[in-house]
Structures are given as structure tokens and as C-alpha cells.
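Structural overview
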Amino acid sequence: METFSLSPKENMVEKITEYLISKNKDNSDYSRITIIFPNKRPKHFLLKYMKDRIRKSFFPPHVLSMDEFIEQTFERIFPEFKNLSIIESVYLIYELFQKFPAFNDDFEQKNLFSDFEKFYPFGIKIFEAFEELYIENVSAQKLKHYESWISFYSSLSKIYDAFYLMLEKEKLSTRAFKYRKVAEQLNFDTLMKVDLLLLCGFFGLTKAEQKIIENIKNIFEKEQTSGYFCRWIYDNSVSEENEPSIKIYECPDRHGQVYTISNILEKNLINEETVVVLPSEDLLFPILKQGVSFLGEDEYNISMGYPVIRTPLWSFFESLSIMLNSLIQEENGKYLFPVSEYLQFVLHPYVKNIMFEDEPTVTRILFHSFESYLSEEGITVLLDELEDDILDKAFNNIDGLKKYELTHLKKHIKNIHDTLIRPFFNISNVRDFSEKCISLLNFIYAKSTAKYHPLFFPFYNTVVNKMEELSNSLLKNINFNDFSGYFNLLKNYIRNIRTPFEGIPIKGLQILGFLETRNLNFKNVFFIDLNEEIFPPIYEDYVLPLKVREALGLPTFKDREKLIEYYFMTLINGAEQVHLFYVRDERREKSRFIEKLIWEREKKSQKINKQVVHYKVNLSADKPKEIKKEKQHIDFLKNLSYSPSSMDMYLKCPLKFYYSYFLGLKDKEETEIDSAQVGRIVHGVLASFFEGLKNVKKLNNHNIKIDLIKKITDEEFKKRYGDYISGSLYLIKEQIIKRVREVLEKYYLNVISKYSLKILGVEEPFNIIFEEIKISGRIDIIEERSEKIFLIDYKTSGKKDNYKIKFDKLPEILEFYNNELRSGKTCYLTHLLSKSISSLQIPIYLLGFSREKNIPLNNLVGIYLLIGKPKIDKDIEFNPLEESISSENAMDIIQSILKSIINELVNLDIPFYPTKNFKENCQYCDFRTTCGTLWIKSRE
């Protein structure tokens, strides 16, 4: 056997091409030559060089990776054996663990082995350990000798031995099994009939590979064949004059690496002699979308796998899993869907873009209308309700749907539910689950716009193939008790699946994973993410501790690091220009390989060019921009019916008023029950209770039937959330019952003892014209207390400051404001009032009710009942006019304020401007994205 040792500066595939041409007298037939590389990629470059060099038709040599060589040889020796997938291997190991239960006493994670779903992640580690032991020719007897050093299990050698005996008996095979068997059985008859065999670029061989190479050598040397066998390897040392030019970039973050590479590449000639190396897949899409965005798709090639679990395809399955695992089954067998989980699923881009009559708009409109309705009406829903009553409401309220047949829309939504959701209500086993997942994916592919995304098909194809593999696997008859078992299995299965990117292997800029660079030469190398723990990667073996690996003769992390360093230095030393990037911050340090490069150059009194990358980021926050008024704004504002809440909104932020009332945008309500929904429920309960007391001339203690509150509250919750009330919703209901009872017992019974109390109105509306503007509202409850009429608004807040008015400041503010306007200066009223008026709700109630009913203001009292206060007593009353000299004087000031607000609203020269107090008014506002105040942190 002859060995050819090359310098990294020499291109191995070019040298091999010249060697083949020199050895082959017939320059057109190379079919009896076999070339074996560690990986597949050099094949493309070798055949390209041969084509360019020979320049005529020829029969190419067989160029194989070592795995391909083993596969072909194994099939010739053992044609009856079938491949065993990883998940099937783990399942067989799991069954053996049930047969040999021998955990060490101090092992706390025995429950991991209780069912396959829990076992799978750990089982992967055990399978990988077994494969390494087997390919390194470690016997079960030798493993047993060191078994006591393995902390968790005392019969691992039995499982190991039984697993590979089972493969032999059942005629099944794994990668390590194939390598061992080929190493043991390879002979002259089973080796491919070749005239010349080249073994190229191998370093750090396993025991099985060493045995295979030794057998090949013996076959060629001792079996009296006419063939010839040689090895080609790299010696990665270089002379000083041939050392590459190296530049190191210290970047503040990973984005800095991408932007710097982009700037360099854009200024240079890009071809297949330039490579961008990614040691992990994290930066693949940033590189594609930002680093090489100036290149066309045919100007670069990607050769690395991307994890399916990081794609929208998996987020689709995850949202389905979360929804199904949250279902509540009613006594009639129907399923209640939590609204938030249902909406998360149907608003996934793959679902809401399902075609209706060849375009997706209608589906989006329907599901977003469901979102709007469900956000207000409840936290659980039935599919039947969505397909019938709720869809009816959407159809009646959305003009854009009127051109379609309602029956067709209902059929469309039902078809989506029947295809994507209902099949999963009953799952018999893994095969049934897999087939339903395949049907679901095929429906998304056929009916959704997902297929038009350029990256969808590769991931879709990978997952469908893997689901078919799972459907026909040894696991096909396993069944789980609930949805979570199937989806957890799917997640663990998908976690280790990567989709390879297919490109033009030898054209344009090469974007490669590190191992794909083996045995290839590039003039220009860009290596990203050279940080410790990323490169070299952390290697953790949860099964075989370091001392066990050393005793068994297995490669340790030191050996793996040497292997990585060999290929790294071969790549670097073979280049002319090298650009190395790493991130430097408080958590990350540059790779030890960079440190070593610097040290080696410094020993020779040489320096490596280093650049610290800085880029400027403008972190200043722009304030929201004003919206200039147009004539149509004024016409609209003059005809708008104003409520007390709209006036309060304008006082807090005119810009929010514009979004809400002129553009008609709505705050996005939470689908979980929140404080606003609690407030509506409390109002509904109190309204229902007092509605029944409107005809009573004078209330007494017997009229306040506190026991009714539970019944009324139950009905209110049933109307909003259905029959099934549990968990946090049940606790909220009980809290509401308790609080409303306290309001009746500790507040209203006290009022009855002091006053002659009569209920005059519940949810009483009013409408007035003020300064040619319509103002309307609805008063929670109107009570006659002896000689006074009380207008009451319930507040679930307990803070008076939310509703205070500082009357002593208002005359001065109004005078200043009017003077500024008279002098022609720009002055914004709400900015002046921001610290003096928290709410105008009660004053507007008083004004509206007084004018509509023609009742003098001095006969009216307006109060808030702060039922959110910790303690319920008479102090929950708050009269915002109590700080004024008199109610008449206070209302005169309020009317002047209202007049000024209306004048500002309809003033063409005063725009819709943002609030003065951003911190107070923006942190909870749902329009922060619209107006650009996301920089204001929202307090949870």
C-alpha cells in the first residue's frame, strides 16, 4: 500500500485527478476505479475536475463516502437484513430495559424508564453509546468489567449484548452493526472488483474502520490481485512562506459577525473557491437573509442540515398539541376548546391561509372575526358553535362576506375542523397518529399558501417521510392514554431530524457545515462563531464517564478535539485568505483554536491582524408623531356621538382617540379572563340584581337577598363561558360572588339603614347636545336616597387617584390656555390638564342626566363605588366633586373644560397629538406598536 501525504496547500481532488489520468492508459474508462472519502461532498468536486481535465466523454470512477461503501458491501454480504431506524432501535432498547430492570440504588431518575415517551430522550444517549461501543469493537464482557463505574445502571452490559444479539437474530441492522460485520466478513469475494482503490482524507479511524482498511490492504497484497490500493492524507503543517493571511474579527454580538461578512463579501469576487463555515446551524438563516442577500439563489450553495424543530412546521404541530392537550370533554362527549389555544392554532399562517375558492382572504377574515368575537364572549368554545352561531354573527357583521353563500362558508370551516382537529379526538396507536399527521400535512400542502414559501417543501417532505417511517416502524402498535403521549413522542422524534439543503454543489459561494469542508481546498475561508463551547463544541456523555471511556479504549473529548483541530488546521492552512469571527461579551470568549493560532504566530514574532468590530445603533426612542387633521376629520368629529369614556380617552391621549374612534381600531383583548372582563361580569351581576328591585318603593333589609348573588353569578358565567367552569375561572367566580356579597352586606345594608332607598334606574341611558356635539352614556345605577338622586358608577379599581379632579388648579389652567390661544401660540389642552383631571365620567353623567331629565344639579350627587378596595365599607364611595367649593361651581368649570375640549377637537389647526405622560398612559396601551412606544416597558 502506497501512502501519499499532501500539504494543505495542495488540492487533494486535483492531485487525485492527475494521478488517475497518469495511471489510466485508457483515458475514457475509469469505471474499475473506486475512491472512498470520509464524506460525500468531495465527489462533486472530483468529477468536476476530471471533466475539466479530460474534456471528452468518459466512464467515471465509483466515488463513495465510507458510509456508502459500507452500505453497498453490507448489502452484498447480508442481503436479507433490514435497516433499523434510530427510533426503532431506542424502542428495542427500552423493551430490554423492562426485561433487565437493575437500577443502582442512588439513581433518582428511574421514572424515565417507566414509559417509552419519557425514556426516548435518554434512550437516544444509550443507543449512541451502544453504537460507539460496537463500532469500537468493545465486547459485552469488557463493558461488564467496568460496569460498576457507571452510576445509574448495573446491567448495561446485558442490555448491550442482548441488543446486538437481537439484531442478528431478527436480521436487523444499525450503522455500527454494518461496520462491524463488514470488518469481520470483508474478503476478496465480497470486495468490489476494482483495479485501483483510493482511500482519501481519513484521520482518527474507529476500530471497525481500521479493521476494514487492514482487510483491504491484505486483499490487495496477499490475495494476488492485479489491483492497486493507496491512501491519501493531509499533513496540515505548512512552511512560513506558505502560511495563509489570517484576520480575526472580535464582534460585539452574532449580528456583528453577519454584517461584517456581508460587507467583506460584497466587495470581493465570489465563486466556489470561497467558503463560509458555520459550526452550528444557528446563523444559517441570518447569513442567508442578511449576509448574502445581495446574491441570487444560483450564486451560492448550502450544504448543511437545518433542524425541523426550529421551523414553522414544528410550531404548527406544537400549537395543535397545546390545543388538544387543553381540551375539556363534556358529559355528552363533546370537547370544549380553550379560546386562547384554539385561536393560536387557527391563526397559525398555515391554517388561516387555507384557500377558499382559490384564495386565502376569506379564511383569514373568518378566523380573525372569530378572534374578535371570542375575545369578548368567553374562554371556552365548541367547534359546533364556531361552525354555526358564531359564523352566523361574523357573516351578518362583515360586509366583505356577503358576496359568498353562508352554507359554503360553513362547509369550509367545518372541513378545516374535520381535517385538522377532529381526527385527533380518537387515536388508536402510533400508526393511526402518524397517518393522521400525514393527512393533515398533505391538506396544508394542497390547500394552504404554505407551499408557495420556498423553504416549506423541503421540511414538509422530510417530515412526511419520517412520519411514514414511524407509521411502519416497530412502534406502530403502541398506544398512549392521552394526546400528550403521542405529541411528546413526535417532538422527541422530530428533535433529531435535520433537513439537508440541496444546491448546486460546485457553483458559487459555498455555505457549509464544518464537517462538509473535509478534504476540500478554498482560497478564501470565512469561519463564524469561533467561540468556546460552540467550536470546539461541548461534548457530554451522560452514559459513559471519562474514566470508563479511557478504560474501554474509546475516544475521549481530547481525541475528538484533536480530530476537530486536524480538520480545522487543514482547512485554514490550505487557504490564502482566512477570516475568523468570534463574539466577545461578558459570557463568551474566543475559541482555544484562535488562541493557539495567535500563540503560534507570536512564537515566530509574527502578529495576526485583529479588528474589533463596532457598529452604531441608534437606541434613542422617537416620540409618536402627530396626525394632522384634514377636513374629513372635522366632519367626522362633529357628527360623532361622544361617551364619557371617549372624553377620558381624549384627555389621556388624543392620538389614541384618533386610532380608536376615527380609524376604528380596537384594543386587542386577552382571550384569558382579565381585569376588564372581571369588571364586565361584576357590572352584569349587580345590574341583574338591582333590576329586580326597580319597582320597590323603599328597600329594606329583606329585599337584599344576598343568596341570589350565587345564582346570578353562575348564570352570568354560564352565559359567557359555558357549563364547565374549573381552575382559575372557578376561583375568579368565587371571588366575584364573595366581593358582590360584601358590597351588599357591608355597604348597601348600611345605606338602607341611613336613607330611604329606591332604585330609579339600572343601566340608564342619556343623550344630550352640548356645544352642537352629541354626548351619550349609560349610568350603572340611579338611586333615590331620601331627597337626593345618586348617579353611581361601579369601579372594580380601588384607587381614588384614577378618578380625582383638582378643581383648585382648573381656573388657572383655563385662563392660561385661553391666553395662549388668543396670542396665536400652539398650546395643547390635555397636556395642561394631565395632572388635574383623571376622569370626567361622573361630571358628564351629572350634566347629561340633569339636562335630559330637567333636574337641578344641586339635587344630584355623582359617586364612584370603588368595589376594588381591600375593605368594603362606606369609604368605597368617592365623589370627585367633593373637593370643589360647591357642586354648581364645579359643574361650571367642568362645562368650560368640556367646551374647550370640543373646540380643540374640531380645530383644524390642532392635530391629534400624543400624550404628555408616556410612562403612565402608554405602558398598557395596545397601540404601542402602531405609534412606536414599545420602548416604554409594560409592567406586568
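Up top you'll find the structure we're talking about.
Note that this is a predicted model, so its numbers are computed, not measured. (Residues numbered from 1 in each chain as written. Predicted model: local features only at pLDDT ≥ 70, side-chain atom pairs only at ≥ 80, totals over all residues. Heavy atoms only, no water.)

**Examining the environment of proline 555**
Checked against the element boundaries, proline 555 lands in the loop between helix 21 (546-552) and helix 22 (557-573). When its relative accessible area of 22% is taken as the criterion, proline 555 is described as partly exposed. When the C-alpha positions of proline 555 and threonine 206 are compared, they lie 8.7 Å apart, and in sequence the two are 349 residues distant. (Helix = DSSP H or I, 4+ residues; strand = E, 2+ residues; numbered from the N terminus. Buried < 20%, exposed > 50% of the residue type's maximum accessible area, 1.4 Å probe, protein only.)

**Regarding the nonpolar core**
Generally speaking, soluble globular proteins have nonpolar side chains that are buried together. Ranked by internal contacts, the top residues of the largest apolar core, which has 164 residues, are Tyr342 and Ile511. For tyrosine 342, the residues in contact, after removing those within four places along its chain, are Met323, Phe337, Phe367, Phe370, Leu374, Leu383, Leu386, His417 and Ile421. With 62 residues, the next largest nonpolar core counts Ile779, Cys827, Leu846 and Leu857 among its residues. (Core = buried A, V, L, I, M, F, W, Y, C linked by side-chain atoms within 4.5 Å. Contact = heavy atoms within 4.5 Å.)

**Overview of helix 33 (residues 887-905)**
A rise of 1.5 Å per residue sets the reference length of helix 33, with its 19 residues, at 27 Å; its end C-alpha atoms lie 26 Å apart and thus fit the reference within 8%. Every buried residue belonging to helix 33 is among Ala890, Met891, Ile893, Ile894, Ile897, Leu898, Ser900, Ile901, Ile902, Glu904 and Leu905, and all of these are buried. (Expected span 1.5 Å × (residues − 1).)

**Topic: the sheet that holds strand 12 (residues 328-329)**
Reading across from one edge, 12-13-14 is the order of the 3 strands in this open sheet, with antiparallel pairing throughout. Each edge of the sheet is formed by a strand with only one pairing partner; in this case those strands are strand 12 and strand 14 (380-382). By the bridge criterion, 3 bridges tie strand 13 (residues 335-338) to strand 14 in an arrangement that is antiparallel. Directly across from phenylalanine 337, in strand 14, lies its bridge partner valine 381. Along the sheet, helix 13 (residues 339-346) makes contact with strand 13 and strand 14, crossing strand 13 at roughly 75°. (Pairing = 2+ DSSP bridges. Axes fitted to C-alpha atoms, helices over the stretch in contact; angles between N-to-C directions.)

**Description of the pattern of salt bridges**
The tally for this structure, following the rule as stated, stands at 52 salt bridges. Across the pair glutamate 273 and lysine 523 runs a salt bridge, and its minimum N-O distance is 3.5 Å. On the criterion of sequence distance, the pair formed by glutamate 273 in the loop between helix 10 (254-266) and strand 9 (274-278) and lysine 523 in the loop between strand 16 (509-513) and strand 17 (524-527) is long-range, its members being 250 residues apart. In this structure lysine 523 comes out as partly exposed when scored by relative accessible area, which is 36%. Here lysine 710 and aspartate 714 are joined by a salt bridge, their closest N and O atoms 2.9 Å apart. With lysine 710 and aspartate 714 both in helix 28 (residues 708-721) and 4 residues apart, the pair spans about one turn of that helix. Its relative accessible area of 25% is what places aspartate 714 among the partly exposed residues. Salt bridges sharing common partners tie together Arg254, Glu281, Asp282, Arg310, Arg498 and Asp529. (Salt bridge = Lys/Arg side-chain N within 4 Å of Asp/Glu carboxyl O.)

**Describing the pairing of strand 22 (residues 773-785)**
Most of strand 22 sits inside the fold, with 10 of its 13 residues counted as buried. Pairing analysis gives 12 bridges linking strand 21 (residues 757-770) to strand 22, with the strands arranged antiparallel. In the sheet register, glycine 761 faces strand 22, and the bridge partner there is isoleucine 782. Two successive antiparallel strands, strand 21 and strand 22, enclose a turn made up of 2 residues, where glutamate 771 displays a positive phi of approximately 55°. What sits between strand 22 and strand 23 (residues 788-795) in their antiparallel hairpin is a turn of 2 residues, with serine 786 showing a positive phi close to 55°.

**Quick notes on the sheet that holds strand 17**
Spatially, 7 strands are ordered 10-16-9-17-18-8-19 in an open sheet, and the strand pairing comes out parallel. Strand pairing shows two members of the sheet lacking a second neighbour, strand 10 (300-303) and strand 19 (609-612), which therefore form its edges. Strand-to-strand twist across the sheet, computed as the mean angle between neighbouring axes with direction ignored, equals 15°. In this sheet, strand 17 lies alongside strand 9 in parallel orientation, the contact comprising 4 bridges. Its bridge partner being in strand 17, valine 276 is matched across the sheet by phenylalanine 526. The strands touched by helix 10 are strand 8 (245-251), strand 9, strand 16, strand 17 and strand 18 (577-583); relative to strand 18, the strand with the most contacts, the crossing angle is about 160°.

**Overview of unusual backbone geometry**
At the junction of phenylalanine 535 and proline 536, the peptide bond is cis and its omega measures out at 0° in the coordinates. By secondary structure assignment, the location of proline 536 is in the loop between strand 17 and helix 21. Unusually for a residue other than glycine, arginine 55 sits at a positive phi of about 60°. Mapped onto the fold, arginine 55 is located in the loop between helix 2 (42-54) and strand 3 (62-65). In this structure, glutamate 772 is a non-glycine residue whose phi angle is positive, near 65°.

**Examining empty space enclosed by the protein**
Empty space among the atoms can be located by rolling a probe the size of a water molecule over them. Applying the stated criterion across every chain yields a total of 3 cavities of 30 Å³ or more. Size it by volume and the largest cavity reaches roughly 80 Å³. Surrounding the largest cavity, Gly201, Tyr234, Thr517, Arg518, Asn519, Leu520, Asn521, Tyr566, Tyr567, Thr570 and Leu571 form its lining. Top contributing element to the lining of the largest cavity by residue count: helix 22, with 4 residues. Residue classes in the lining of the largest cavity are distributed as 5 nonpolar, 5 polar and 1 charged. (1 Å grid on protein atoms, 1.4 Å probe; cavity = no way out; pocket = protein on both sides within 12 Å on 5 of 7 lines; lining within 4 Å. Points joined across faces, edges and corners; volume = space filled by probe spheres on them. Nonpolar A, V, L, I, M, F, W, Y, C, P; charged D, E, K, R; others polar.)

**Describing a nonpolar patch on the surface**
A cluster of nonpolar side chains, contributed by Tyr539, Leu546 and Phe557, occupies part of the molecular surface with about 260 Å² of accessible area. Structurally, tyrosine 539 can be placed in the loop between strand 17 and helix 21. (Patch = residues over 30% accessible without salt bridge, like charges linked within 9 Å, V, L, I, M, F, W, Y side chains within 5 Å. Areas by Shrake-Rupley, 256 points an atom, 1.4 Å probe, with all protein chains shown as cover.)

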